[in-house]
Amino acid sequence: MRFTIILIAILIGFTNVFINFRIGSISYVRLLSLCFFFLFFKSYLSELKTNSFFKTFNIFIAVLAIIQVVVNLKLSIMEGVEFKPVLIGLIKNLSFVAFTFLAILIAKKDLKFINYIIYAHLIILVFALLQHPHSPISSNIMEFKRLLFVNPAEHVTRKLLNQETFIRHGMASKFRLSGPFSSPISLAYLLFSSFCLNVYMHFKLNKRFYFYTASFVLFISILTQTRSLVLAEGIIILGLLIYNYSKRRNLYKIIFFTVILSFTLFQLSKQNTDDQNRLSNYQSDSRPLLWYTGFYTVLSHPLGVTDKQHDDIQDKMAIRLENHHVKELSTHNGFINIGFNYSIFGYLIVTLFFIFLLKKTNQLEPQYKILFNLFFLGYFLHSSFHNVFIFIDDYYILLIVVILNLQLGSNTNTLNHLNE
């Protein structure tokens, strides 16, 4: 049993790493996770009966799945869109449930099993660091990384070639760590959730190990040169410093960290103005227009958007806004993309879900209330500049939902103990 729990934890830690090894549309890792989900299905049903938080989470997933099925059926019948996304959407929603349940399962067995998720993350982070142009084995790591991509799409092949070029020419200042993923943004989503997980474990168990691992995550985050990620993690640290302000010397810590954070963000912004990162700079300049175009597209087609409809609106908006990047780049806002996946009703459901999380957070002890509010604020800051969001492709953020559920259980147990 212990071996099975450890294996599940490792699978959770390596989510989306081996995604290119698949049967049809589902990866081996995801398939194995679903097998474990059905293996422990009785425990899942028991969790539904006894855990009101988890039961509500499942209701939200079910509602989103129904909306997605209806939208995809409508697009399939009325717009002639392929029916395949209906099945893919259902499997993905089931995967969200399975991922969350399995994380709860291992944590409830023993909170220390979460360490195995952290160990898996550390392996990914070391792999990413060894890929840096300053690493003596960066070329070897890049060769190994190519093995993770079976028949890659054209845009993935282009990204891998760019990374190899940067390594070959030792362009360290322009190189953005991406680890085993094709894009640094994919690594950034793992880093954010891993950072939150380590900070929580440090709060919970007060062990230096988690302080060091959180610091390592922050270091790798800077090397991804993802400003939104560094800002999000910086806001969490700054918020905790301000909350813990009790002595005069803490003021120096706040000022010092603010200066360091500002300097780091300035340097990263400066890097993005380099010719080698010109596209990234254009994305930054055009993002408000991309957000406007994306939201306008969803409002124009509130019950589902086809690729053709999206392309047509992008072409029109590029002319109207006099910015050709509007038709070349995606929305770059995770919350707006909810509308593309779940129609305009998705905004309502996801907003209600976060209201639910905030209400639950308010039931926590003050220090944990501050901690989780900072986590959610940081997540919105980070995901507002990228395409992935919770219930789209971000599995890692569900770990934060899990530890909130666990902390609520701890809080309830403490209150029950005090009332005895």
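Throughout this document, residue positions are counted from 1 along each chain, in the order its sequence is written. Reporting of local features is limited, given that this is a predicted model, to residues whose pLDDT is at least 70; pairs of side-chain atoms are given and counted only at 80 or more, and all residues count toward the totals for whole chains, interfaces and linings. Based on all heavy atoms of the structure, the side-chain values leave hydrogens and waters out of the count.

Enquirer: Looking at this structure, how should I read the pattern of salt bridges?
Expert: Opposite charge on two side chains permits pairing when their charged atoms draw close. One speaks of a salt bridge when a side-chain nitrogen belonging to Lys or Arg is within 4 Å of a carboxyl oxygen belonging to Asp or Glu. With the rule as written, the count across this model stands at 5 salt bridges. With a shortest N-O distance of 2.6 Å, Glu164 and Arg146 are connected by a salt bridge. Of this pair, Glu164 sits in helix α8 (residues 154-168) while Arg146 sits in helix α7 (residues 138-146), and the two are 18 residues apart along the sequence. Here Asp312 makes a salt bridge to Lys308, at a shortest N to O gap of 3.1 Å. Taken together, the residues span about one helical turn, with Asp312 and Lys308 both in helix α14 (residues 307-321) at a distance of 4 residues. Exposure is judged per residue with a 1.4 Å probe applied to protein chains only, and the accessible area is read against the type maximum: over 50% gives exposed, under 20% gives buried, and values in between give partly exposed. Judged by its relative accessible area of 32%, Asp312 is partly exposed. Only DSSP runs of H or I reaching four residues or more are called helices, and only runs of E reaching two or more are called strands; each is numbered from the N terminus.

Enquirer: Sorry, what's going on with the environment of Gly179 here?
Expert: Topologically, Gly179 is positioned in the loop between α8 and α9 (184-205). For Gly179, a relative accessible area of 0% translates into the label buried. The contact rule is simple, with two residues in contact once any of their heavy atoms fall within 4.5 Å. Once residues lying within four places of it in the same chain are set aside, the contact partners of Gly179 are Phe127, Ala128, Gln131, Lys145 and Leu187.

Enquirer: In this structure, what is going on with the confidence of the model for the protein chain? I would like to understand it.
Expert: When pLDDT drops low, the exact placement of atoms in the prediction is not to be read closely. For every residue, the pLDDT score states the predictor's confidence, bounded by 0 at the bottom and 100 at the top. For the protein chain, the average pLDDT comes to 89, and 93% of its residues sit at 70 or higher. Here residues 274-282 scores under 50 on pLDDT; set against residues more than four positions off or in separate chains, the count is 14 contacts. A low-confidence stretch, residues 414-420 stays under pLDDT 50, and its non-local contacts, those more than four residues away or across chains, total 1 contact.

Enquirer: Where do I start with the nonpolar core in this structure?
Expert: Buried together is how nonpolar side chains tend to be arranged in soluble globular proteins. Throughout this description, the term nonpolar core refers to a set of buried Ala, Val, Leu, Ile, Met, Phe, Trp, Tyr and Cys residues connected via side-chain atoms within 4.5 Å. In this structure, Phe353, Phe372, Phe375, Ile390 and Phe391 are the most contacted members of the largest nonpolar core, which totals 113 residues. Here the element with the most residues in this core is α9; it accounts for 12 residues. Setting aside anything within four residues of it in sequence, one finds Ile390 in contact with Ile338, Phe353, Phe354, Tyr379, Ile397, Leu398 and Val401. One finds Val230, Leu261, Leu265 and Leu268 within the second-largest nonpolar core, a separate group that totals 7 residues.

Enquirer: What am I meant to see in the packing of helix α1 (residues 2-13) against helix α2 (residues 28-39) here?
Expert: Describing two packed helices takes the angle between their axes plus the distance from one axis to the other. All axes are obtained by fitting lines to C-alpha atoms, using only the stretch in contact for helices, and the reported angles, taken between N-to-C directions, cover 0 to 180 degrees. α2 packs onto α1 with a crossing angle of 140° between their chain directions and a minimal axis gap of 10 Å. Viewed along their axes, α1 and α2 adopt a mutual orientation that is oblique. The crossing of α1 and α2 is left-handed. For the pair α1 and α2, the contacting residues are Thr4, Leu7, Ile8 and Leu11 in the first and Val29, Leu32, Ser33 and Phe36 in the second. Here the term charged refers only to Asp, Glu, Lys and Arg, the term nonpolar to Ala, Val, Leu, Ile, Met, Phe, Trp, Tyr, Cys and Pro, and the term polar to all other amino acids, Gly among them. When its residues are assigned to classes, the contact of α1 with α2 shows 6 nonpolar, 2 polar and no charged. Roughly parallel refers to an angle under 35 degrees, roughly antiparallel to one over 145, roughly perpendicular to one between 65 and 115, and oblique to any angle outside these ranges. Crossings are assigned a handedness: left-handed for a near helix turned anticlockwise from the far helix by less than a right angle, right-handed for a clockwise turn.

Enquirer: Looking at this structure, how should I read the packing of helix α4 (residues 52-78) against helix α15 (residues 334-361)?
Expert: Running from N to C, α4 and α15 cross one another at 170°; their axes reach a closest spacing of 9 Å. Taken together, the axis directions place α4 and α15 in an arrangement best described as roughly antiparallel. Contacts from Phe53, Thr56, Phe57, Phe60, Val63, Leu64, Ile67, Gln68 and Val71 of α4 reach α15 at Asn341, Tyr342, Ser343, Phe345, Gly346, Ile349, Val350, Leu352, Phe353, Phe356, Leu357 and Lys360. Of the residues contributing to the contact of α4 with α15, the split by class is 15 nonpolar, 5 polar and 1 charged.

Enquirer: It is not clear to me how the side chain of Asn16 should be interpreted in this structure. Could you clarify?
Expert: Considering the arrangement of structural elements, one finds Asn16 in the loop between α1 and β1 (22-23). Setting aside anything within four residues of it in sequence, one finds Asn16 in contact with Arg30, Phe181, Asp393, Tyr395 and Tyr396.

Enquirer: Where do I start with a nonpolar patch on the surface in this structure?
Expert: A cluster of nonpolar side chains, contributed by Phe38, Phe41, Leu45 and Leu94, occupies part of the molecular surface with about 330 Å² of accessible area. The residue Phe38 is located in helix α2 in this model. Put simply, a patch holds well-exposed residues, over 30% relative accessible area, that have no salt bridge, with like charges counted together within 9 Å and Val, Leu, Ile, Met, Phe, Trp or Tyr side chains within 5 Å. Accessibility throughout is a Shrake-Rupley quantity obtained with a 1.4 Å probe, and a residue counts as covered only by protein chains that appear here.

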